[in-house]
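# Examining the three-dimensional arrangement
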2 protein chains.
Amino acid sequence: MATTTNAGDGMNYAPQGKPNPVVQPGEFAFAAAHLDHGHIHGQCNGLVEAGAMLKTVYDPDPQKVAAFVQKFPGTRVARSIDEILDDPEIKLVAAAAVPCDRGPLGCRVMRAGKDYFTDKTPFTEFAQLEEARRVVAATKRKYMVYFSERLHVECAMHAGDLVHGGAIGRVIQVLGLGPHRIGDKASRPAWFYEKAKYGGILCDIGSHQVEQFLFFSGATDATVTQAAVGNFANPDTPELEDFGEASLLGDNGASNYIRVDWFTPRGLGTWGDGRTIILGTKGYIEMRKYIDVARSRVGDHLFLVDDQGENHIEVAGKVGFRFFGELILDCLNRTEKAMTQAHAFKAAELCLKAQAAARRIAG
Amino acid sequence: MATTTNAGDGMNYAPQGKPNPVVQPGEFAFAAAHLDHGHIHGQCNGLVEAGAMLKTVYDPDPQKVAAFVQKFPGTRVARSIDEILDDPEIKLVAAAAVPCDRGPLGCRVMRAGKDYFTDKTPFTEFAQLEEARRVVAATKRKYMVYFSERLHVECAMHAGDLVHGGAIGRVIQVLGLGPHRIGDKASRPAWFYEKAKYGGILCDIGSHQVEQFLFFSGATDATVTQAAVGNFANPDTPELEDFGEASLLGDNGASNYIRVDWFTPRGLGTWGDGRTIILGTKGYIEMRKYIDVARSRVGDHLFLVDDQGENHIEVAGKVGFRFFGELILDCLNRTEKAMTQAHAFKAAELCLKAQAAARRIAG
């Protein structure tokens, strides 16, 4: 399960193994509910690969359910969310509802005694976050978030090991670029263009970036020092923010700049040239997460520069995604190895704060 | 002289020629004065390659003068700055004084009827800038600045042609990373560690970045929306700011984030992994100015991604540095092709504003 690395020496990176099932077949059953965002497939893949049993699926739209069952054959179809919530065997509900519905759904799941694993962004309003904090305190259930741009990206998982192992010294600054491709605009659901439903670009895809800042820098809280959003080139969908940026200052003095947008050009070989650059007092790391432009369509490139030299570490296929197995064990053992509740909620809070602080600079 | 490019098609980039002498031998004489920063060599190289005659040099330190004359043989040594200012043949004075002395020196040069070409940063205080504005207005002389990280970087010159030719649509955001190597700290002059003399990191090396933002985005003014500086790892030189960052919002809606530091690790093959990423509505450009980490120690890599595809353009040796010839002709013809006075002063003003606005986050 564990990935052991020589943190000071990227060239001799030596994974011990990829994630494997952490439980016996049938030991950990979960359900998938509300399939509004395609991330639900990644959420379920990760859990299944780690040994969880995908028992039941529910969505009000039969077409979404049919497509899901084709991808995950053998999954039982529930006629209502209550059927899932009433099933004592189901320990966790994975969901990718419309963003504005994620908070209320999670509270309902937790009140039914189950852990919740939602697609990001976890909330679109502060009140939802506060309610979830109350319900977590009352039920002792988990409100976990699929921050896929770290948890499901091997070079980001490896970067975490390097940084936390001291490979670049004290983290001074984390810079996150999260460009996304909008693609065929008509193929996206209506909620994608309604700000009250998706929450704004910093709240939505910005949440990945804020979470990474906290994780890589070790900050446990932060202040938003500037934020901006705009609609630069999508006047037909005026509530879509196609650009967003924010600066944060962590409680440990580390700073963060994040930039997100929907401007991936058609000519790029993947959906977005996601980058993270972590500057430390003893070196820096650059991740080219999904592509190495004009060089390779394989992702997971990690560049580590330290006092010893320049290293290009190709991480794809080497470290796997240990988050999912850790999450399963956290649910079974009531531990917080995969991610603490405080971390998930703080990332949620800060992306909401960045969104609230954002000045509108275009559109 | 001119560089003609097919702006929409980076792969077919076709320079017409490198810069050549723009004047006859002896037609444009200049002097070098105050050799405190090594940039004076780049300033003089550029002018000499463009046909200017380096007639005279002055510095109070005979050792600096001797080293300079070895590099530029045949240069006459002046015994005082007045000897240069009194020479009617000398049209321009190139200088790299201690930053806090650059403004006053420039005013003296202009009052003597000559144009001035200073190393960046052009000023360390607002009052110096205001005085220079007054003297420019009164004398009609030029206060030009050697923003070397654009003017003496071929991929940056080429990026300007691409962006201004429309290759990436409307510029939304410019992101500039300017890491520098501090090297052997004892080998640097005392003024390097005295804030009143170097002006602070955003004022000093940040000036390159602010200038590039104005140039690439086309903004003619901007607001500083956040700024921070710190001393993260140099307690022995407490007035050295080893980290700085700032966000600017241009008067045209374009945004800018700049990050500068003195943390280039010993293992990097050059002094700094300078990057600029320009995001547009129709594509983006990334410059890897001085190195392509773990790939190539040759600099000037330009990556252009647009709707047609991903392009890696190796610019080194292909476009030259036309700024210097344009500057000579501007001085002779009283034009503003190389750089307008308004642009140089605005970049100076904004880096002073960023410095003034900066909160201290470490040290």
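Model, not experiment: these values are computed from the prediction.

So, on to the overall build of chain A. Scanning chain A from terminus to terminus reveals eleven helices and 15 strands. With respect to the principal axes defined by its C-alpha atoms, chain A has extents near 60 × 50 × 40 Å. Counting across all 363 residues of chain A, residues that qualify as buried make up 63%. Expressed as a percentage of contacts within chain A between residues at least 6 apart in sequence, the contacts between residues at least 24 apart total 70%. For chain A, the accessible surface area stands at approximately 12500 Å², while carbon and sulfur atoms represent 52% of it. Taken together, the 40 basic and 44 acidic charged side chains of chain A have centroids lying 1 Å from each other.

Turning to the relation of the copies chain A and chain B, a few remarks are in order. For the pair chain A and chain B, the relating rotation is 180°, the translation along its axis is 0.0 Å, and the fit reaches an RMSD of 0.0 Å. Seen this way, the second copy is the image of the first under a two-fold rotation axis. When C-alpha distances to the rotation axis are compared across chain A, the minimum falls at Gln226 of chain A, with a value of 3.0 Å. Both copies present the same face, since 100% of the interface residues in chain A are matched by interface residues at the equivalent positions in chain B.

This part is about the pattern of salt bridges. Within this structure, the stated rule accounts for 65 salt bridges over all chains. As a salt-bridge pair, Glu89 of chain A and Lys55 of chain A come within 2.6 Å of each other at their nearest N and O atoms. Residue Glu89 of chain A is found in the loop between helix 3 (81–85) and strand 4 (90–96), and its partner Lys55 of chain A is found in strand 2 (residues 53–58); the two are separated by 34 residues along the sequence. Within the structure, one salt-bridge network assembled from shared partners comprises Asp273, Arg275, Glu286, Arg288, Asp292 and Arg295 of chain A together with Asp273, Arg275, Glu286, Arg288, Asp292 and Arg295 of chain B.

What follows concerns the sheet that holds strand 5 (residues 115–119) of chain A. All names here are of chain A. Within the open sheet, the six strands sit side by side as 3-2-1-4-5-6. Their pairing is parallel. Of all strands in the sheet, those bounded by a partner on one side alone are strand 3 (76–77) and strand 6 (143–146). With five bridges connecting them, strand 1 (residues 29–35) and strand 2 associate as parallel partners. From the neighbouring strand, Phe30 faces strand 2, where its bridge partner is Leu54. This element, helix 10 (residues 323–333), spans strand 4, strand 5 and strand 6 of the sheet and lies at about 155° to strand 5.

Let's shift gears to the pairing of strand 4 (residues 90–96) of chain B. Residue and element names in this part refer to chain B. Where burial is concerned, most of strand 4 is hidden: six out of the seven residues are buried. As judged from the six bridges shared by strand 1 (residues 29–35) and strand 4, these two strands associate in the parallel manner. Considered in strand 4, the bridge of Phe30 is made with Leu92. In this sheet, strand 5 (residues 115–119) lies alongside strand 4 in parallel orientation, the contact comprising four bridges. Residue pairing in the sheet places Val93 in a bridge with Tyr116 of strand 5. Remark: the strand 4/helix 4 (residues 99–111)/strand 5 crossover connection has right-handed handedness.

Opposite the 52 residues of chain A that make contact, chain B presents 52 residues. Buried area between chain A and chain B, both sides added, is near 4400 Å², and the carbon and sulfur share of it is 59%. When the area that chain A buries against chain B is broken down by residue, the three leading residues are Phe232, Arg295 and Glu310 of chain A, summing to 14%. Connecting chain A to chain B are eight salt bridges. Across the pair Arg275 of chain A and Glu286 of chain B runs a salt bridge, and its minimum N-O distance is 2.6 Å. Counting every contact that joins chain A to chain B gives 26 residue pairs in polar contact (both at pLDDT 80 or more). Of the residues that constitute the side of chain A that touches chain B, the class distribution is 21 nonpolar, 15 polar and 16 charged.

Okay, the side chain of Asp59 of chain B next. Residue and element names in this part refer to chain B. The topology assignment puts Asp59 in the loop between strand 2 (53–58) and helix 2 (62–71). In this structure, Asp59 is buried with no salt-bridge partner, the nearest side chain bearing the opposite charge being Lys64 at 4.6 Å. Polar contacts involving the side chain of Asp59 include one to the main-chain amide nitrogen of Leu35, which spans 2.7 Å. There is a polar contact of 2.8 Å between the side chain of Asp59 and the backbone nitrogen of Asp61. Apart from residues no more than four positions distant in its own chain, Asp59 is found in contact with His34, Leu35, Asp36, Lys64 and Val65.

This brings us to the pairing of strand 10 (residues 255–261) of chain A. All names here are of chain A. Extensive coverage of strand 10 is indicated by the burial of seven of its seven residues. Where burial is concerned, the two faces of strand 10 agree: the one with Ser255, Tyr257, Arg259 and Asp261 and the one with Asn256, Ile258 and Val260 are both buried. Across seven bridges, strand 7 (residues 171–179) lies against strand 10 in parallel orientation. When the bridges of strand 10 are listed, Gly176 appears paired with Ile258. Pairing geometry for strand 9 (residues 243–250) and strand 10, over seven bridges, is antiparallel. Looking at strand 10, one finds that Glu245 is bridged to Arg259.

Criteria and thresholds
Residues numbered from 1 in each chain as written. Chains lettered and ligands numbered in written order. Predicted model: local features only at pLDDT ≥ 70, side-chain atom pairs only at ≥ 80, totals over all residues. Heavy atoms only, no water. Helix = DSSP H or I, 4+ residues; strand = E, 2+ residues; numbered from the N terminus. Buried < 20%, exposed > 50% of the residue type's maximum accessible area, 1.4 Å probe, protein only. Contact = heavy atoms within 4.5 Å. Areas by Shrake-Rupley, 256 points an atom, 1.4 Å probe, with all protein chains shown as cover. Lys, Arg positive; Asp, Glu negative; His and termini not counted. Charge placed at Lys NZ, Arg CZ, Asp CG, Glu CD. Least-squares fit on C-alpha atoms with pLDDT ≥ 70 in both. Salt bridge = Lys/Arg side-chain N within 4 Å of Asp/Glu carboxyl O. Pairing = 2+ DSSP bridges. Axes fitted to C-alpha atoms, helices over the stretch in contact; angles between N-to-C directions. Right-handed = clockwise from strand over helix to strand, strands pointing away. Buried area = accessible area lost by both parts, 1.4 Å probe. Polar contact = N/O pair within 3.5 Å; in protein donor to acceptor, adjacent residues only side chain to side chain. Nonpolar A, V, L, I, M, F, W, Y, C, P; charged D, E, K, R; others polar.

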